[in-house]
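Secondary and tertiary structure notes
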Amino acid sequence: MGRVEGKVAVITGGASGLGLASARRLAQEGATVVLADINEEQGRAAAAEIVGARFERLDVTVEAQWAALLDRVIAEHGKLDVLLNSAGVVKLASIEDTTEDIWRLVNSVGTDGTFYGCKHALRVMKAAGSGSIINMCSTASIQGGPQIFAYAASKSAIRGMTKSIAVLSAQEGYGVRCNSVHPGNMDTPMLRGVQAIVRANDPELAQGMDKIWVGQPEDVANTVLFLASDESRAINGAALVVDNTTTITEGVVPLH
Ligand SMILES: NC(=O)c1ccc[n+]([C@@H]2O[C@H](COP(=O)([O-])OP(=O)(O)OC[C@H]3O[C@@H](n4cnc5c(N)ncnc54)[C@H](O)[C@@H]3O)[C@@H](O)[C@H]2O)c1
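Residues numbered from 1 in each chain as written. Predicted model: local features only at pLDDT ≥ 70, side-chain atom pairs only at ≥ 80, totals over all residues. Heavy atoms only, no water.

Regarding helix 3 (residues 63-77)
The end-to-end C-alpha distance of helix 3, which contains 15 residues, comes to 21 Å, matching closely the 21 Å that a straight helix rising 1.5 Å per residue would cover. Among all positions in helix 3, only Trp66, Ala67, Leu69, Leu70 and Val73 are buried. Of the residues one or two after helix 3, Gly78 is the one with positive phi, at around 80°. (Helix = DSSP H or I, 4+ residues; strand = E, 2+ residues; numbered from the N terminus. Expected span 1.5 Å × (residues − 1). Buried < 20%, exposed > 50% of the residue type's maximum accessible area, 1.4 Å probe, protein only.)

In structure tokens form, the structure reads like this:
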């Protein structure tokens, strides 16, 4: 018997990185997984390799697509047990360099996408009286950073949304849990993209970067699995940090 046997999960950003690793882990433990992403080619290929998974195109920034997708999931599977909001984009820019386009892009995918997802998942989960919403935040919502202005703002908004949803659900007895996961640097295409930009623009910073701790997507996937499973039934409104002390260490955490 798997740890999430028989559960139905929708995972945004499921075509890559932390979303994909979480999809694999949930499927290994018995869940039916819907990978939702704008990257159709990668999403379909990923779903084909995961038992019990399928791909659905979803642009998380369009609320109507969310409503339609979750209604389809209910029509097909009769329920939605888990939503993981993992879709996200990062742009390296300080407040001084953040254009309106950067601000809108990062916040439309991260902030708006998570808002719409939570809103429609709560709608269908509340009707069933149970469910687990997991929002992929970041240590950026705890620390900020000089070059991640819009990203840190978006992740902080998601952290706040998570707690508000959890409190509402607990007060009203909806039976829906909502928690956030806060990874530090994890080895995914997103991080590798950031590292490539740093290497190209700031060799000194790049040297230091290569000595800093980086976690594996599976570390986050196991945290998602726990929050998706009934093992975490008393955990609601929590912000689980997966960073090997990065946010509580003075200076950097060395790579060993
Ligand atoms: N990798 C890290 O170090 C790290 C650390 C902390 C938090 N995170 C967060 O984890 C989440 C996943 O990041 P990742 O590292 O796996 O990145 P990734 O780039 O590997 O995956 C992100 C996925 O989101 C999808 N996406 C982008 N815009 C979308 C949209 N409008 N609609 C649907 N899908 C869309 C992309 O196609 C991609 O498949 C993000 O929210 C990110 O901010 C990552």
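Let's talk about empty space enclosed by the protein
One pass over the structure, following the stated rule, counts 1 cavity of 30 Å³ or more. A volume near 40 Å³ is recorded for the largest cavity. Looking at the lining of the largest cavity, the elements with two or more residues in it are helix 4 (100-128) and helix 6 (149-172). (1 Å grid on protein atoms, 1.4 Å probe; cavity = no way out; pocket = protein on both sides within 12 Å on 5 of 7 lines; lining within 4 Å. Points joined across faces, edges and corners; volume = space filled by probe spheres on them.)

Overview of the packing of aromatic side chains
This structure, assessed with the given rule, holds 2 aromatic pairs. On the basis of an interplanar angle of 35° and a centroid distance of 5.7 Å, the ring pair of Trp103 and Phe149 is categorised as tilted. Of the two residues, Trp103 is situated in helix 4 and Phe149 in helix 6; the sequence distance between them amounts to 46 residues. Owing to a relative accessible area of 29%, Trp103 belongs among the partly exposed residues under this scheme. Ring centres of Phe115 and Tyr116 lie 5.2 Å apart, and the angle between their planes is 40°; on these two criteria the pair is classed as tilted. (Phe/Tyr/Trp six-rings, centres within 6.5 Å; stacked < 30°, edge-to-face > 60°.)

Points about the side chain of Ser232
Structurally, Ser232 can be placed in the loop between helix 9 (217-228) and strand 7 (239-242). For Ser232, the side chain forms a polar contact with the main-chain oxygen of Leu227, separated by 3.2 Å. Not counting residues up to four positions away in its chain, the partners in contact with Ser232 are Arg177, Phe226 and Leu227. (Polar contact = N/O pair within 3.5 Å; in protein donor to acceptor, adjacent residues only side chain to side chain. Contact = heavy atoms within 4.5 Å.)

Structural notes on the pattern of salt bridges
Applying the stated criterion across every chain yields a total of 14 salt bridges. For Glu56, the salt bridge goes to Arg72, with nearest N and O atoms at 2.6 Å. With a gap of 16 residues between them, Glu56 in strand 3 (residues 53-57) and Arg72 in helix 3 connect regions that are remote in the sequence. By relative accessible area, which is 38% here, Arg72 ends up partly exposed. Between Glu63 and Lys119 there is a salt bridge, and its shortest N-O distance comes to 3.0 Å. Residue Glu63 is found in helix 3, and its partner Lys119 is found in helix 4; the two are separated by 56 residues along the sequence. Using a relative accessible area of 41% as the deciding quantity, one classes Lys119 as partly exposed. Taken together, the salt bridges that share partners define one network made up of Arg54, Glu56, Arg72 and Glu76. (Salt bridge = Lys/Arg side-chain N within 4 Å of Asp/Glu carboxyl O.)

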